[in-house]
Amino acid sequence: MKNIKFIISLFMLALLTVVQSCSEDFLVEYPTEKQAPGDIKKLADVEVVMNGAYNLMQSVGFLNSNFITRNDMRSDDMQVPDFGRLEDEYRYDYDEQNSVLSIWSTPYTIIRQVNNIIAMLEGMETESAGDQAKKDDMIGQCLAIRALAHFSLCNSYGLPYSHNAGESLGVPIVTTVLPKDAQVKRSTVAQVYEQIIKDLTTAIPLLSEAKKGGKINSWAAKTLLARVFLYKEDNAKAYETAVDVIKEGPYTLLKRSEYVDAWAEEFNSESIFSCVNSAADNGGGNSVANLSDPEGYGQFIASQDLIDLVNSDPDDIRNEMLYIDQLSVMGDPTTYGRVLKYPGIGNTKAVVVAHFESEGDPKPDLVSAATTSNVPIFRLSELYLIAAEAAVKGGGEDAATYLNAIVERANPAASVAEADVTLDRVLTERRKELMAEGHRFFDLIRNKRDIVRTECARTAHMTARMHIPYDDYQVVFAIPLEEILINPLTQNPVY
C-alpha cells in the first residue's frame, strides 16, 4: 500500500499545475526521475492518477472529515465536550482570518486534478470498445467528482439556492486547465448549480452501472444529482431521479436486524459511494472517525437534544447507534455521546461495548482502530428521504410510502399516515436517519429553519451561539484571507 501511495504521489506531483491559486505554491518542476504529464499515454497510467484523485478526496480536508464534521458542528445535532478541535465551528467563531483553509483549497485541488485527467483522456486514442468504455467511465468519474467538489464549495461559501433563487454569489467555476496566473471570479449560486447539473448529466451515461462502493458509478452520480435538484428546489426532478435509483439501482435497504452492525462493515447493501479507509491508509487523527472515538479526540459527539429525540421512541433501532460511554480523562469521568457510524471495520456494537465496559484489565481489544471505518457519502436511505421531501413539496406522489420505508425499518409500529407527512416530519426523519453524516445543518438553512440549540450539562458552551437565524451571515463561511490576498475575490457580507 505504501508503494502504491508513493507512485500515486509521483503522478500527482507531476500533474499539479496552478488552476486556481489557493494560497499554496502549487508550481512544480519536473525532476528527471519523475514522469511529466506528457509521458502518461496509456489508460493504465491514467487509472493510477485517478486513484490519486480519490486519495485527495479521502483527505480530512474533504470527505474524511470537513465535509461532515465542520457542518454538523454548526447544527443542533452535534457538540464538543470541551474546547479544542471543531471549537470554532461549534461556537460560530470564525472569520476570514481563521476560516479553515482546507474547506476551500482541498476541493479546488481535486478540481484541478480531475481537469488534468480529463485533458489527458480527451487526447488519448483507444484501440478497442473495452478501452473506450474504460476511458468514458474515467471521464464520467472526473466530471462527477468535479460536480461534488463544486457543490461542496458552493454550499460552504454561498447562500442556499432557496434563499434568493441562486442570485447571490457562489464560488469560482473551474472546468479547464488554467494558466498559473489565472484569477477566476465568483459566479452566482445559480451559475454554479447549472455547471454542476451539466457535469452530472454528461457524466451519467458515460459511467458504469456496476457496483463499486469506493468509486463513483452512474448510481452515485444520480444520487448526487437528486440531492442537487432537492437543494435547488427542483422537486419534480429530485423526485424522479431519486425514485429512478431506488427502483432501478442494484441497492437494497438494510433490514432492521442488520442495521446497527452494518456500520462495522466496509460496504453494505445500501452503500452507493463511500470514502474508503484502511489500517494502512486513512485520515488519521482529524478524521471523522477519530474525532468520534473517545479514545481518539472524542470531539464529535451527539447533542443532548438529538439523543432525546431518538430516545423519544424507545423501540427505534437507531437508539442502538447512540452509545453514551464514559472514559476517564485526567482522572475525571467525561461523558461522550458517540454516534456509532464510524466504529472501525469489524467493531460491531458488541465489540465496542465489551471494550469500553469490561471490568477486566487489560480491556478486550477492538478488532481495528476507528479510523478504518469507511465514510458513507451516498447511501440508499437518503434517496428515500429525498423522494419523500420532494413529494411533500409537490414534486411527486406517495410521500408516505418513501418516508415509511425508513420509519418502519427503524420501528415497524411507527408508520406515518399520509395526512401526517409534513415537511417537518420528513426533516425529523432525516435528522434521525442521517445523524452524524453531514446533512442536518444544510437541511435546516435550505428550508429556512433557524438553528436552535438546547443548553445541557453534558458539554461546554461558554460563548457558543444557541440560536442562529437561517439567514445569519455566518451560515456561509468567510473566504479565507490567504485566498483573497492572491485572488481578490468579493468577500461574503459582514466578514
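Right above here is the structure, for reference.
Residues numbered from 1 in each chain as written. Predicted model: local features only at pLDDT ≥ 70, side-chain atom pairs only at ≥ 80, totals over all residues. Heavy atoms only, no water.

### A word on the overall build of the protein chain
In terms of helices and strands, the protein chain carries 19 helices and eight strands. Scored against the burial criterion, the 495 residues of the protein chain give a buried share of 58%. The long-range share in the protein chain, meaning contacts at least 24 apart out of those at least 6 apart in sequence, stands at 71%. Just so you have it, the protein chain exposes about 19,200 Å², and 51% of that area is on carbon and sulfur atoms. (Helix = DSSP H or I, 4+ residues; strand = E, 2+ residues; numbered from the N terminus. Buried < 20%, exposed > 50% of the residue type's maximum accessible area, 1.4 Å probe, protein only. Contact = heavy atoms within 4.5 Å. Areas by Shrake-Rupley, 256 points an atom, 1.4 Å probe, with all protein chains shown as cover.)

### Comments concerning the side chain of Asp77
Structurally, Asp77 is set in the loop between helix H3 (69-72) and strand S1 (78-79). Accessibility expressed as a relative area gives 1% for Asp77, which makes it buried. Polar side-chain contacts of Asp77 include one of 2.5 Å to the side chain of Arg431. Leave out the neighbours within four places in its chain, and Asp77 touches Ile301, Ala302, Ser303, Leu306, Arg431, Met435 and Arg440. (Polar contact = N/O pair within 3.5 Å; in protein donor to acceptor, adjacent residues only side chain to side chain.)

### Here we look at the layout of surface pockets
Quantified by volume, the second largest pocket comes out at close to 180 Å³. Along the wall of the second largest pocket there are 15 residues; nearest its centre are Leu159, Ser168, Val476, Asn492 and Pro493. Tallied by class, residues from the lining of the second largest pocket come to six nonpolar, six polar and three charged. (1 Å grid on protein atoms, 1.4 Å probe; cavity = no way out; pocket = protein on both sides within 12 Å on 5 of 7 lines; lining within 4 Å. Points joined across faces, edges and corners; volume = space filled by probe spheres on them. Nonpolar A, V, L, I, M, F, W, Y, C, P; charged D, E, K, R; others polar.)

### A few points about helix H6 (residues 129-157)
In this model H6 runs 42 Å from its N-terminal to its C-terminal C-alpha over 29 residues, within 8% of the 42 Å that 1.5 Å per residue would give. Taken across its 29 residues, H6 has 22 buried, putting it largely inside the fold. (Expected span 1.5 Å × (residues − 1).)

### Regarding the packing of aromatic side chains
Taken as a whole and judged by the stated rule, the model has 18 aromatic pairs. Aromatic side chains Phe151 and Tyr193 sit 5.9 Å apart centroid to centroid with 80 degrees between the ring planes, which places their arrangement in the edge-to-face category. Separated by 42 residues along the polypeptide, Phe151 in helix H6 and Tyr193 in helix H8 (residues 189-203) bring together distant segments of the chain. There is no split in this pair, since Phe151 and Tyr193 are both buried. Taken together, a centroid distance of 6.2 Å and an interplanar angle of 80 degrees make the contact between Tyr259 and Trp263 edge-to-face. Each member of the pair, Tyr259 as well as Trp263, is classed as buried. Within the aromatic cluster, the residues linked to one another by ring pairs are Tyr92, Tyr94, Trp104, Tyr108, Tyr157 and Phe477. Note that Arg74 overlies the ring of Phe441, its terminal NZ or CZ placed 3.9 Å from the centroid. (Phe/Tyr/Trp six-rings, centres within 6.5 Å; stacked < 30°, edge-to-face > 60°. Lys NZ or Arg CZ within 6 Å of the ring centre and 35° of its normal.)

### Things to note about the packing of H6 against helix H9 (residues 218-232)
Packed helices, taken two at a time, are described by their axes: the angle between them and the distance between them. The N-to-C vectors of H6 and H9 enclose an angle of 30 degrees; their axes lie 11 Å apart at closest approach. Relative to H9, H6 is oriented roughly parallel. Seen along the crossing, H6 lies across H9 with a hand that is left-handed. Taken together, the residues of H9 that come into contact with H6 (itself represented by Ala144, Ala147, Leu148, Phe151 and Asn155) are Ala221, Leu224, Arg227, Val228 and Tyr231. A per-class count over the contact of H6 with H9 returns eight nonpolar, one polar and one charged. (Axes fitted to C-alpha atoms, helices over the stretch in contact; angles between N-to-C directions. Parallel < 35°, antiparallel > 145°, perpendicular 65-115°, else oblique. Left-handed = near helix turned anticlockwise from the far one by under 90°.)

### Examining the side chain of His355
Mapped onto the fold, His355 is located in helix H14 (residues 349-357). In terms of polar contacts, His355 uses its side chain to reach the backbone carbonyl oxygen of Pro364, at 2.5 Å. Ignoring any residue separated from it by four or fewer positions in sequence, one finds His355 in contact with Glu295, Lys363, Pro364, Asp365 and Leu366.

### Description of the pattern of salt bridges
Scanning the model with the defined rule gives 30 salt bridges in all. Asp76 is the partner of Arg431 in a salt bridge, and the nearest nitrogen-oxygen pair spans 3.6 Å. Here Arg431 is found in helix H17 (residues 423-433), whereas its partner Asp76 is found in the loop between H3 and S1, with 355 residues between them in sequence. In this structure, Asp137 and Lys212 form a salt bridge, with 2.8 Å as the shortest nitrogen-oxygen distance. (Salt bridge = Lys/Arg side-chain N within 4 Å of Asp/Glu carboxyl O.)

### A look at empty space enclosed by the protein
By the definition in use, this model includes four cavities of 30 Å³ or more. Within this model, the largest cavity holds a volume of roughly 170 Å³. Around the largest cavity sit 16 residues that line it, and Phe67, Asn71, Ser152, Asn155 and Phe442 are the ones nearest its centre. Breaking the lining of the largest cavity down by element, the ones donating at least two residues are helix H5 (101-122), H6 and H9. In terms of residue count, H6 provides more of the lining of the largest cavity than any other element does, four residues in total. Grouping the constituent residues of the lining of the largest cavity by class yields seven nonpolar, eight polar and one charged. Surrounding the second largest cavity, 14 residues form its lining, Trp263, Asn268, Ser271, Asn374 and Pro376 being those nearest its centre. Those elements giving two or more residues to the lining of the second largest cavity turn out to be strand S2 (271-275) and strand S6 (375-379). Residue composition of the lining of the second largest cavity, grouped by class: four nonpolar, five polar and five charged.

So far we have only geometry, and geometry alone does not tell us how the molecule works.
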